[in-house]
Amino acid sequence: KMSREKLMEATRRQMPSSRWEHTLRVKETAVELAERTGADPEKAEIAAILHDYCKYWPEEKQREWILRHRLPQDLLQFHKELWHAPVGAVAVREELGVDDEEVLNAIRSHTTGRPGMSLLEKVVFLADYIEPGRSFPGLDEVRRLAREDLDRAVLKALDNTILYLVERGLKVYPLTILTRNDLLDKIP
Ligand code: DGI
Ligand code: FE
Ligand code: FE
Ligand code: FE
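First, a word on scope: everything that follows refers to the structure included in this document. Throughout this document, residue positions are counted from 1 along each chain, in the order its sequence is written. A letter from A marks each chain and a number from 1 marks each ligand, given out in the order of writing. Reporting in this predicted model follows two pLDDT cut-offs: at least 70 for local features of residues, and 80 or more for side-chain atom pairs to be given and counted; totals over whole chains, interfaces and linings ignore these cut-offs and use all residues. Side-chain metrics rest on all non-hydrogen atoms present in the structure, leaving aside hydrogens and water.

Comments concerning unusual backbone geometry
Our working definition: Secondary structure follows DSSP: runs of H or I at least 4 residues long count as helices, runs of E at least 2 residues long count as strands, and numbering of each begins at the N terminus.
Notably, Arg70 is not glycine yet its phi reads approximately 55°, a positive angle. Position of Arg70 among the secondary structure elements: in the loop between helix 4 (59–68) and helix 5 (84–96).

Put into structure tokens, the structure is as follows:
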């Protein structure tokens, strides 16, 4: 099994320094959020380190992994920005030997969420969204909600993403909508 330091080195090699700096900020934010909410901080840290593992892989390589590893084939009909999360979960298992299913789930769902997200998945999803290097409309509201109620924070982040996509005339991946609907049913 690879140490945390080896996982960091292997991940850093996959991306430009700007993306690695984002990764380090997601790591710090995820550990903080985990400690505050009762998620496992060590799993949050590992998932955060790995979450964008294949973000900078060539489009063709990501497409091949989707085809060869039986990932949801409908991904290929949607924006390639969505691919690196499910491809990343398979890639860190195959290339780095990561076998913790909770960690792999958090990597897989970090862009769209999924219905029935675990606490760890919400922590990693939100850490990616609110890390201190981010700036976009509605972010302060998500940061505020993340201190009070993770479900409402994830819902607000999804609302922002969906509105952003609709405003630009882009397709919304169905899983993003299913995650939002699931949270709407659960939030009192
Ligand atoms: O990889 P990061 O940039 O750190 O963050 P991310 O994995 O959350 O990716 C965010 C990108 O994915 C952002 O540009 C919006 C896009 N995205 C998220 N949900 C959807 C989506 N794009 C499409 N087309 N459809 C979605 O449902
Ligand atoms: Fe990502
Ligand atoms: Fe995200
Ligand atoms: Fe990210």
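Thoughts on the environment of Arg180
The following threshold applies: A simple rule labels every residue: compare its accessible area, found with a 1.4 Å probe on the protein chains alone, to the largest value its type can have, and call it buried under 20%, exposed over 50%, or partly exposed in between.
Here Arg180 shows up in helix 10 (residues 174–186). We classify Arg180 as partly exposed; its relative accessible area is 28%. C-alpha of Arg180 to C-alpha of Arg70: the two residues are 110 residues apart in sequence and 25 Å apart in space.

Re the packing of helix 3 (residues 41–50) against helix 7 (residues 119–130)
Stated formally: Convention adopted: a line fitted to C-alpha atoms gives each axis, helices being fitted over their contacting stretch, and angles between N-to-C directions are expressed from 0 to 180 degrees. For classification, angles of less than 35 degrees are called roughly parallel, those exceeding 145 degrees roughly antiparallel, those between 65 and 115 degrees roughly perpendicular, and all remaining angles oblique. Take the far helix as the reference: if the near one is turned anticlockwise from it by less than a right angle, the crossing is left-handed, and if turned clockwise, right-handed. By definition, residues are in contact when any of their heavy atoms lie within 4.5 Å. Note on residue classes: Ala, Val, Leu, Ile, Met, Phe, Trp, Tyr, Cys and Pro are nonpolar, Asp, Glu, Lys and Arg are charged, and everything else, Gly too, is polar.
At a closest axis distance of 10 Å, the pairing of helix 3 and helix 7 adopts a crossing angle of 45°. Comparing the axis directions of helix 3 and helix 7 gives the class oblique. With respect to the hand of their crossing, helix 3 and helix 7 are arranged in right-handed fashion. Across the interface between the two elements, Lys43, Ala44 and Ala47 from helix 3 touch Leu120, Val123 and Val124 from helix 7. Of the residues contributing to the contact of helix 3 with helix 7, the split by class is five nonpolar, no polar and one charged.

Remarks on the coordination of the iron ion (ligand 2)
The line we're drawing: Listed donor atoms are N, O and S within 2.8 Å of the metal (Na, K and Ca: 3.2 Å). As water is not included, a site may look incomplete.
For the iron ion (ligand 2), the protein coordination sphere consists of Asp52 (OD), His84 (NE2) and His110 (NE2), at 2.1 Å. For the iron ion (ligand 2), the single-chain donor residues occur in sequence as D-x31-H-x25-H. Taken as a pair, the iron ion (ligand 2) and the iron ion (ligand 3) show a spacing of 5.5 Å. Linking Asp52 in the loop between helix 3 and helix 4 with His84 in helix 5, this pair joins segments that are 32 residues apart in sequence. Judged by relative accessible area, which is 2%, Asp52 ranks as buried.

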